[in-house]
Number of protein chains: 2
Amino acid sequence: MSIETAIAALESAFGDRLSRADTVRQTYGQNEAWYPVTPPDAVIWPETTEEVSLVARTCTEHGCPIVAWGAGTSLEGHIVPVQGGITLCFERMNRILEIHDEDMDVVVQPGVTRKQLNEDLRATGLFFPIDPGADASIGGMAATRASGTCAVRYGTMRESVMALEVVLADGRIIRTGSRARKASNGYDLTKLFVGSEGTLGIITELTVRLHGQPEAISAAICGFNDINGAIQTVIETIQMSIPVARIELLDGTSIRAMNAYSGYEMKEGPTLFIEFHGSERGVAEQAQTVGELCAENGGTGFEWATKAEDRNRLWSARHNFYYAMKAMCPGRTGYNTDSCVPISRLADCILESLEDIAESGFTSPLVGHVGDGNFHLSYMVEPENADEIERARALADRLSKRTIAMGGTVSGEHGIGIGKRKFMEAEHGADAWAIMGDIKRTFDPAGILNPGKLVPGN
Amino acid sequence: MSIETAIAALESAFGDRLSRADTVRQTYGQNEAWYPVTPPDAVIWPETTEEVSLVARTCTEHGCPIVAWGAGTSLEGHIVPVQGGITLCFERMNRILEIHDEDMDVVVQPGVTRKQLNEDLRATGLFFPIDPGADASIGGMAATRASGTCAVRYGTMRESVMALEVVLADGRIIRTGSRARKASNGYDLTKLFVGSEGTLGIITELTVRLHGQPEAISAAICGFNDINGAIQTVIETIQMSIPVARIELLDGTSIRAMNAYSGYEMKEGPTLFIEFHGSERGVAEQAQTVGELCAENGGTGFEWATKAEDRNRLWSARHNFYYAMKAMCPGRTGYNTDSCVPISRLADCILESLEDIAESGFTSPLVGHVGDGNFHLSYMVEPENADEIERARALADRLSKRTIAMGGTVSGEHGIGIGKRKFMEAEHGADAWAIMGDIKRTFDPAGILNPGKLVPGN
């Protein structure tokens, strides 16, 4: 009954698809946040659901932790094996199984990445709109309920995942949901697994909703003298039900970094990046209306671009924003926040947080999926500098408390993992968080699935 | 430890808001389906969450069943107190607590009905789009994950409910979700309670998402010679991402009943009722495109109406469809089905079911929220005629099996209740259904919350 005996029991079944090599363990001990490298005891690359079931059954029997690994891009330490054990890497379960053009859905294995999926879909006229920036795996995106820039129009993984195949802790394989577009057929197990961060079961297959590639797309940029004007524009756009596909806020610091990194010459101030999807006429109408809102709120230089190359360059710059920040602050990495508040509180939440930053002396860009009330600060810290990390943590905690007080969530899209667990009780209340722990124990009485994350206790 | 002692323990707290009168018990023993009258032992009208908590705590202690009652409009016997006990009627918890214009959400008590809510919202420019036809309560709609005609555009209660206050079986009061538009903050308890049919907790407050009243609305009707052409039009409309607000199919039988009941003179054949929401230009563009699709698929007489009175008359006729059927078949009531299949299977599923009906000799109209792949048959039966009910049940069972085989669900929007429980194992698989039972026992170990419904066992 130990990690060692579990691994020994699995060695013959997996051969060279089970590794205990130091270099491998080091690789899978890393994370995209600032948590120290924490290697698992072994890494396994399953190829079938039945193999995942074997691992789960064996690990439950021996009391060995399992951490599921998609593309390793999560930002809150979800993939850090804090109690050791086995990391299950899904890179070999990366097949697109069924594309249903007529129904606008697709069945994939969890290791498929969103870019891979969209490349495969290109000829179908359909696309998968959830775009967290990183080329994350669809399995990982479901497990963390990811979203990103297009959520304002197309929703998050919560709305996208229609059905799952899941391996339970004891090895049972279940299917949840269906390809029907709606259902009132019992507890919504699909939605329970989406966002459960590998603590309730291991996702081995997903059916996700697709959307038609829009007939026309255009992107727009507009600068503002003060951040309030930009936020007010966003609020009015949402309230008028203008179906913007993306509406992103970047502050002056972010623009400065992007200009330097991507060769832009944008005015360094609060800026909205907007994208419109629809018919030719619809897109033009949307752009015109939003352009008017920008002007009324003090925006200048509203420009819209319909050429794909201009748009791609713009969103590529937006997606590379984090690397741009790292380039501007050599040797530093971002301590990221992920507040999401009701949109009526967004201006207050942002302005109070910017005051904190100004006092702190940190360089800390702000970018936001503001149509959803979600924004990120990245306090640029030296990862080895304990004092800086402590100061960043204090700032982030202050923001988290502010967010909860404003009726929001400390995690709009990054998940809980290790980093946000300390806020679960404050955000949900002790009883609701306790209920999550009860659910966890119902699904995983041995506590082997991603232990130390999300729920109370270990 | 009994129903009797539970009621006795609650009598002093509720006074005349607890009734054991026969007439009252008879009233709350009724249901909108064809289940026999089954009175509860007592009815309680709570006014506060704390009172609901007292009832739950007392009932858990004494082992007394609780059935929550909103407006009594459910169609699968959810509200039938099959094991007796207390029916909690929410008609006194019917206040609209907070309207958040800027955030486009509203906080309500569970007894608020959807029409009451929309009347209150009229001046705000916002509306609540979920429309199951009946003037159901918002609490009941959440508990059954209701949807209806507008789901194709605005989603179902699954997408609408943002946050809940829930009384657990042991009396603890929890809050789930928040007014933030998205969150990746732990298990989605909100979505777990939505559709749980009163078996996991009792909803005492809801925050639901609103939408902007569209600048322009128009409705269209188009007749088809064969049902295939109508369905093909729907599929193409959805695939082209035309954001229709409603797209309803009615067969010739339904149209005949509506003509007789509402004084229309529509051609008696498969007909699409369509509604468009958007800007003036957007609505015109949508109507033109859908009109073209109708014509290409053999539709004739595509007409669109922008006048509110014409539209209201049309949808009122659609909503009164069931009463029209009852008027056409005096002394009979509908044995309703609720299949929802992937849209690519909709034509097959409908055509095979219509063949069954033709053979059976039943009058059985077909109406469908076909943009979602959801359609209803109503076998018109004499409620006292056991043979007819048995034949209707056999037909419905055949349709349910067909639906599951086609990858759909037997309950698109009506819920499981009593009527659909026998299909849960076939639809979800034994292990997934068993997991639902495990969740139920975690939340309600004494089994007092709406026993005999949804999960395995009693």
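Residues numbered from 1 in each chain as written. Chains lettered and ligands numbered in written order. Predicted model: local features only at pLDDT ≥ 70, side-chain atom pairs only at ≥ 80, totals over all residues. Heavy atoms only, no water.

Visitor: If you had to explain the overall build of chain A to someone new, which residues and values would you point to?
Guide: Regarding its fold elements, chain A presents 17 helices and 19 strands. Radius of gyration (C-alpha) of chain A: 22 Å, near the 23 Å computed for a compact globule of 458 residues. The principal-axis extent of the C-alpha atoms belonging to chain A is close to 65 × 55 × 40 Å. For chain A, buried positions account for 63% of its 458 residues. Residue pairs at least 24 apart in sequence account for 70% of intrachain contacts in chain A once pairs closer than 6 positions are excluded. In chain A, the 41 positive side-chain charges and the 61 negative ones have mean positions that sit 2 Å from each other. (Helix = DSSP H or I, 4+ residues; strand = E, 2+ residues; numbered from the N terminus. Rg over C-alpha atoms; globule rule 2.2 N^0.38 Å. Buried < 20%, exposed > 50% of the residue type's maximum accessible area, 1.4 Å probe, protein only. Contact = heavy atoms within 4.5 Å. Lys, Arg positive; Asp, Glu negative; His and termini not counted. Charge placed at Lys NZ, Arg CZ, Asp CG, Glu CD.)

Visitor: Lay out the environment of A:Glu427 with the relevant residues and their values.
Guide: All names here are of chain A. Within the secondary structure, Glu-427 is located in helix 16 (residues 424-428). Sequence-wise, Glu-427 and Val-410 are 17 residues apart; in three dimensions their C-alpha atoms are separated by 7.9 Å. Within the structure, the side chain of Glu-427 is placed 2.9 Å from the backbone nitrogen of Val-410, a separation counted as a polar contact. (Polar contact = N/O pair within 3.5 Å; in protein donor to acceptor, adjacent residues only side chain to side chain.)

Visitor: Residues and numbers for the pattern of salt bridges, please.
Guide: Considering all chains together, one arrives at 62 salt bridges over all chains under this definition. Close ionic contact of A:Glu159 with A:Arg158 constitutes a salt bridge, the shortest N to O distance being 2.8 Å. Judged by relative accessible area, A:Arg158 falls into the buried class, the value being 13%. Of the charged contacts in the structure, one is a salt bridge between B:Arg17 and B:Glu47, with a shortest N-O distance of 3.6 Å. (Salt bridge = Lys/Arg side-chain N within 4 Å of Asp/Glu carboxyl O.)

Visitor: Give a detailed account of the relation of the copies chain A and chain B, specifying residues and quantitative values.
Guide: Rotating chain A by 180° and translating it 0.0 Å along the rotation axis places it on chain B, where the RMSD comes to 0.0 Å. Both chain copies can therefore be described as sitting about a two-fold axis. (Least-squares fit on C-alpha atoms with pLDDT ≥ 70 in both.)

Visitor: Can you explain the nonpolar core? Please cite residues and give values.
Guide: Within the largest apolar cluster, 176 residues are counted, with the highest numbers of intra-cluster contacts made by A:Tyr379 and B:Tyr379. With residues up to four places along the chain from it excluded, the contact list for A:Tyr379 reads A:Thr333, A:Gly334, A:Tyr335, A:Thr337, A:Ile357, A:Phe362, A:Thr363, A:Ser364, A:Ala392, A:Leu395, A:Ala396 and A:Leu399. Counting 23 residues, the second-largest nonpolar core is a separate cluster that includes A:Ala6, A:Phe14, A:Val52 and A:Ala56. (Core = buried A, V, L, I, M, F, W, Y, C linked by side-chain atoms within 4.5 Å.)

Visitor: Lay out unusual backbone geometry in plain terms, naming residues and giving numbers.
Guide: Backbone geometry at A:Ser241 places phi at a positive 55°, although glycine is not the residue there. Its location among the elements puts A:Ser241 in the loop between helix 9 (227-239) and strand 13 (244-250).

Visitor: Let's hear about the side chain of B:Asn336: which residues, and what values?
Guide: Secondary-structure assignment places B:Asn336 in strand 16 (residues 333-336). Excluding its chain neighbours within four sequence positions, the residues that come into contact with B:Asn336 are B:Leu75, B:Glu76, B:Tyr322, B:Leu377, B:Ser378 and B:Lys420.

Visitor: Tell me about the packing of aromatic side chains, and name the residues and values.
Guide: All chains considered together, the criterion is met by 20 aromatic pairs over all chains. Geometrically, the ring pair formed by B:Tyr28 and B:Trp45 is edge-to-face, given 6.0 Å between the ring centres and 80° between the ring planes. Linking B:Tyr28 in the loop between helix 2 (22-27) and strand 2 (42-44) with B:Trp45 in the loop between strand 2 and helix 3 (49-62), this pair joins segments that are 17 residues apart in sequence. Classification of B:Tyr28 as buried rests on a relative accessible area of 9%. By way of ring pairs, the aromatic residues A:Trp34, A:Tyr35, A:Tyr335, A:Phe362 and A:Tyr379 are connected into one cluster. Just above the ring of A:Trp315 sits the side chain of A:Arg246; from NZ or CZ to the centre is 4.4 Å. One cation-aromatic arrangement involves B:Arg313 over B:Tyr264; the distance from NZ or CZ to the ring centre is 4.3 Å. (Phe/Tyr/Trp six-rings, centres within 6.5 Å; stacked < 30°, edge-to-face > 60°. Lys NZ or Arg CZ within 6 Å of the ring centre and 35° of its normal.)

Visitor: Outline the side chain of B:Glu413, supporting the account with residue identities and numerical values.
Guide: Note on placement: B:Glu413 falls in the loop between helix 15 (386-405) and helix 16 (424-428). Of the polar contacts made by the side chain of B:Glu413, one reaches the side chain of A:Lys182; its length is 2.9 Å. The residues touching B:Glu413, leaving out its near neighbours within four places in the chain, are A:Lys182, A:Ser184, B:Thr144, B:Arg145, B:Ala146, B:Ser147, B:Gly148, B:Asp338, B:His369, B:Asn374 and B:His376.

Visitor: Can you explain the packing of helix 17 (residues 430-443) of chain A against helix 17 (residues 430-443) of chain B? Please cite residues and give values.
Guide: The contact between helix 17 of chain A and helix 17 of chain B brings their axes to 10 Å, and the two run at 140°. As far as their axial angle goes, helix 17 of chain B and helix 17 of chain A are oblique. Seen along the crossing, helix 17 of chain A lies across helix 17 of chain B with a hand that is right-handed. Contact with helix 17 of chain A, carried on its side by A:Ile435, A:Asp438, A:Ile439, A:Thr442 and A:Phe443, involves B:Ile435, B:Asp438, B:Ile439, B:Thr442 and B:Phe443 of helix 17 of chain B and no other residues of that element. Residues belonging to the contact of helix 17 of chain A with helix 17 of chain B are distributed by class as follows: six nonpolar, two polar and two charged. (Axes fitted to C-alpha atoms, helices over the stretch in contact; angles between N-to-C directions. Parallel < 35°, antiparallel > 145°, perpendicular 65-115°, else oblique. Left-handed = near helix turned anticlockwise from the far one by under 90°. Nonpolar A, V, L, I, M, F, W, Y, C, P; charged D, E, K, R; others polar.)

Visitor: Any chance you could break down the interface of chain A and chain B for me, citing the residues and the numbers?
Guide: Listed by partner, the interface residues are 77 residues for chain A and 78 residues for chain B. At the boundary of chain A with chain B, total buried surface from both sides reaches about 6500 Å², with 54% on carbon and sulfur atoms. Ranking the residues of chain A by area buried against chain B places A:Lys182, A:Ser184 and A:Tyr187 at the top, with a combined share of 16%. One salt bridge in this structure joins A:Lys182 and B:Asp372, with 3.7 Å as the shortest N-O distance. Seen at the junction of chain A and chain B, the total is 37 residue pairs in polar contact (both at pLDDT 80 or more). (Buried area = accessible area lost by both parts, 1.4 Å probe.)

Visitor: Got a sec to walk through the sheet that holds strand 6 (residues 105-108) of chain B? Specific residues and values, please.
Guide: Residues and elements named next belong to chain B. Taken together, the five strands give an open sheet; going across it, the order is 5-6-10-8-9, and neighbouring strands pair in antiparallel fashion. Both edges of this open sheet fall to strand 5 (96-100) and strand 9 (173-177), since each of them pairs with a single strand only. The mean inter-strand angle of the sheet, taken between neighbouring strand axes irrespective of direction, is 15°. Bridge count for strand 5 against strand 6 is four bridges, and the pairing is antiparallel. The residue of strand 6 that forms the bridge with Ile-96 is Val-108. Contacts between helix 3 and the sheet are confined to strand 8 (161-167), strand 9 and strand 10 (202-209), with strand 8 contributing the most and set at about 55° to the helix. Its contacts with the sheet place helix 4 (residues 114-121) against strand 5 and strand 6, and it is angled at close to 45° to strand 5. (Pairing = 2+ DSSP bridges.)

Visitor: Would you mind going over the sheet that holds strand 4 (residues 86-89) of chain B in detail, with residue names and values included?
Guide: Residues and elements named next belong to chain B. The sheet built from four strands is open, its strands ordered 1-2-4-3 with mixed pairing. Edge positions in the sheet fall to strand 1 (18-19) and strand 3 (66-69), since each has one partner strand and no second. One ladder, built from three bridges, connects strand 2 with strand 4; its direction is parallel. Directly across from Ala-42, in strand 4, lies its bridge partner Ile-86.

Visitor: With reference to specific residues and values, describe helix 4 of chain B.
Guide: All names here are of chain B. Every buried residue of helix 4 is listed here: Arg-114, Leu-117 and Leu-121. Looking straight down helix 4, one finds its buried side chains confined to an arc of 60°; they lie on one side. Next to the buried residues of helix 4 lie strand 5, strand 6, strand 7 (126-127), helix 5 (138-143) and helix 12 (308-319). (Arc of directions from axis to C-beta.)

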